[in-house]
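Residues per chain are reported as follows:
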Amino acid sequence: MRKKPHTDIPDFEDLEDRPSRTEQKKAMARLQLLGEKLAALPPERIKALPVNEVLIDNLLEMARIPSFEARRRQSQLIGKLLKREDEGAVLATFNAKQPAKKQAQITRWVDRLIAQGDGSLNDFVRQFPAAERHTLRQHVMRVQKAKVEQASEEEQADVLRALENYVHQVALLSD
């Protein structure tokens, strides 16, 4: 009896939109770095974050941990907790403190990435070392695909927001 090739699986096309395990691991590493930047904020700014109380408590606890290994584990926990939070709201706390010039630059990068596609990816990755070319390309392709297929406005806004969040995150982590 011959086995059917994987293309006969009806939901195989849906797998293309899911991030690979490598992308998931890199996303967790970015969240951990973002968590470390959040933990470095003054306690009054941490308490004002629009996030869950458990996350706030863990961010405040991070400052009191002296051991490298314990800080690493705490960072992993914070990354896991950040995964459940609204990235846009968390990044907005950093974006509010950024100069308008920097925010405008990031907005121009998003527009340029969408308009030029692969042509601008290398320039972006060179300027922001925390960026991963493959992940960035996937975000850009999703935005372009949503426009070409004339997806609903809500779907287009979601994929655009994901790209903007990624670009903001990378810009923040590259500083």
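Every value quoted in this text rests on a predicted model; they were computed, and no experiment measured them.

S.K.: Please clarify how the overall build of the protein chain should be interpreted in this entry.
M.R.: Counting secondary structure elements, the protein chain contains 9 helices and 0 strands. Going from N to C terminus, the protein chain has its helices and strands arranged as α-α-α-α-α-α-α-α-α. Here the protein chain, with 175 residues, has 37% of them falling under the buried criterion. When contacts within the protein chain are restricted to residue pairs at least 6 apart in sequence, long-range pairs at least 24 apart make up 60% of them. Taken as a whole, the protein chain presents about 11200 Å² of accessible surface, with 52% of it coming from carbon and sulfur.

S.K.: Even after reading the chapter, I still don't get helix H8 (residues 133–148), so can you show me in this structure?
M.R.: Three or four residues apart is the spacing at which side chains of an α-helix point the same way, because the helix has 3.6 residues per turn. With 16 residues, H8 extends 22 Å between its outermost C-alpha atoms, agreeing within 8% with the 22 Å of an ideal straight helix rising 1.5 Å per residue. Inspection of H8 places Thr135, Leu136, Gln138, His139, Val140, Val143 and Ala146 among the buried residues, and these make up the whole buried set. Among the structural elements, helix H1 (21–39), helix H6 (100–116), helix H7 (118–127) and helix H9 (153–174) are those in contact with the buried residues of H8. Positive backbone phi, at 50°, marks Gln150, one or two positions downstream of H8.

S.K.: So what exactly am I meant to see when it comes to the layout of surface pockets here?
M.R.: Rolled over the atoms, a probe sized like a water molecule indicates the empty space that remains. What the largest pocket holds in volume is close to 490 Å³. Forming the walls of the largest pocket are 19 residues, and the residues nearest its centre are Pro19, Ala27, Arg30, Glu87 and His139. No other element matches the 6 residues that H1 contributes to the lining of the largest pocket. A class-by-class count of the residues in the lining of the largest pocket yields 7 nonpolar, 6 polar and 6 charged.

S.K.: So what exactly am I meant to see when it comes to the nonpolar core here?
M.R.: It is characteristic of soluble globular proteins that their nonpolar side chains tend to be buried jointly. Among the nonpolar cores identified, the biggest contains 21 residues, and Leu34, Leu38, Ile46, Leu55, Leu59 and Leu82 are the most heavily contacted of them. Put simply, the parts of the chain that give this core at least two residues each are H1, helix H3 (53–62), helix H4 (68–83) and helix H5 (87–97). In this view, Leu82 contacts Leu31, Leu34, Gly35, Leu38, Leu55 and Val90; residues no more than four positions away in its chain are not counted. Within the second largest apolar cluster, 17 residues are counted, among which are Trp109, Val110, Phe128 and Leu136.

Scoring rules and cut-offs
- Residues numbered from 1 in each chain as written.
- Predicted model: local features only at pLDDT ≥ 70, side-chain atom pairs only at ≥ 80, totals over all residues.
- Heavy atoms only, no water.
- Helix = DSSP H or I, 4+ residues; strand = E, 2+ residues; numbered from the N terminus.
- Buried < 20%, exposed > 50% of the residue type's maximum accessible area, 1.4 Å probe, protein only.
- Contact = heavy atoms within 4.5 Å.
- Areas by Shrake-Rupley, 256 points an atom, 1.4 Å probe, with all protein chains shown as cover.
- Expected span 1.5 Å × (residues − 1).
- 1 Å grid on protein atoms, 1.4 Å probe; cavity = no way out; pocket = protein on both sides within 12 Å on 5 of 7 lines; lining within 4 Å.
- Points joined across faces, edges and corners; volume = space filled by probe spheres on them.
- Nonpolar A, V, L, I, M, F, W, Y, C, P; charged D, E, K, R; others polar.
- Core = buried A, V, L, I, M, F, W, Y, C linked by side-chain atoms within 4.5 Å.

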